[in-house]
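# A look at the structure
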Amino acid sequence: SYRELMLASGGGGLGLFTSIQRLRSVHERLVASDQFAHMSLFAQHVDVLDTGTLVDIFRSEEDACLLGTDAVRDGVDVPGRSLRLIVFDRVPWPRPTLLHRARKAAYEGRYDDMIARLRLKQAFGRLVRQNSDKGVFALLDRATPSRLLTAFPDGVEVLRCGLRDAVAATRIFLEDH
């Protein structure tokens, strides 16, 4: 799914993960794919470079792809064509900890939705930094509650579809950009 979406965008893809293990697994499949061999691929937790350097390289190469976790989601500033696709593996729910339980109780159960919405909003905000920016945000989690889709700005078209339709829509939306 990451491969097909990143190929449809022609690069400029940022793959975001809630698990380092899933990031590494997707990285292995992308590296092994002959279809993906023509694109530069960088990955946090795989490449020996620090996150800031990976982001700098990604920003400078218009058709590269970068895989990362929350540090990349929260620390990326890539205006322009170098970032035109964000693919999120799952809804970024908060991890259950003692502090999480206390905050969840204080917010009467709404805390998880608030945090997930904020993380989605942050990630989407990375995609459109300037008026001329254009991009696709794909969330691969079929269990995404509709109530979280309020994280996106007014006017953003939300399309719930299968992978084949998402790949086709990505290609069409980005073909003139």
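Residues numbered from 1 in each chain as written. Predicted model: local features only at pLDDT ≥ 70, side-chain atom pairs only at ≥ 80, totals over all residues. Heavy atoms only, no water.

With that out of the way, let us pick up the nonpolar core. Here is a general trend for soluble globular proteins: nonpolar side chains tend to be buried in one another's company. With 24 residues, the main nonpolar core has L14, L66, L83 and F137 as its most contacted residues. Looking at this core, the elements that each hand over two or more residues are β1 (13-16), α3 (51-60), β4 (85-88) and α6 (111-127). For this core, the element with the highest residue contribution is α6, accounting for 5 residues. Y2, M6, F17 and F36 belong to the second largest nonpolar core, which has 21 residues in total. (Core = buried A, V, L, I, M, F, W, Y, C linked by side-chain atoms within 4.5 Å. Buried < 20%, exposed > 50% of the residue type's maximum accessible area, 1.4 Å probe, protein only. Helix = DSSP H or I, 4+ residues; strand = E, 2+ residues; numbered from the N terminus.)

Phi is positive for H45, which is not a glycine, with a value near 70 degrees. A relative accessible area of 32% means that H45 is categorised as partly exposed.

The next thing to look at is the pattern of salt bridges. This structure, assessed with the given rule, holds 6 salt bridges. R22 is paired through a salt bridge with D89; the nearest N and O atoms lie 2.7 Å apart. One end of the pair, R22, is in helix α2 (residues 20-32); the other, D89, is in the loop between β4 and α5 (98-106), with 67 residues separating them in the sequence. In this structure, D63 engages R84 in a salt bridge whose closest nitrogen and oxygen atoms are separated by 2.7 Å. Pair noted here: D63 is in the loop between α3 and β3 (65-68) and R84 is in the loop between α4 (70-75) and β4, with a separation of 21 residues, a long-range link. The exposure class of R84 is buried, given its relative accessible area of 0%. (Salt bridge = Lys/Arg side-chain N within 4 Å of Asp/Glu carboxyl O.)

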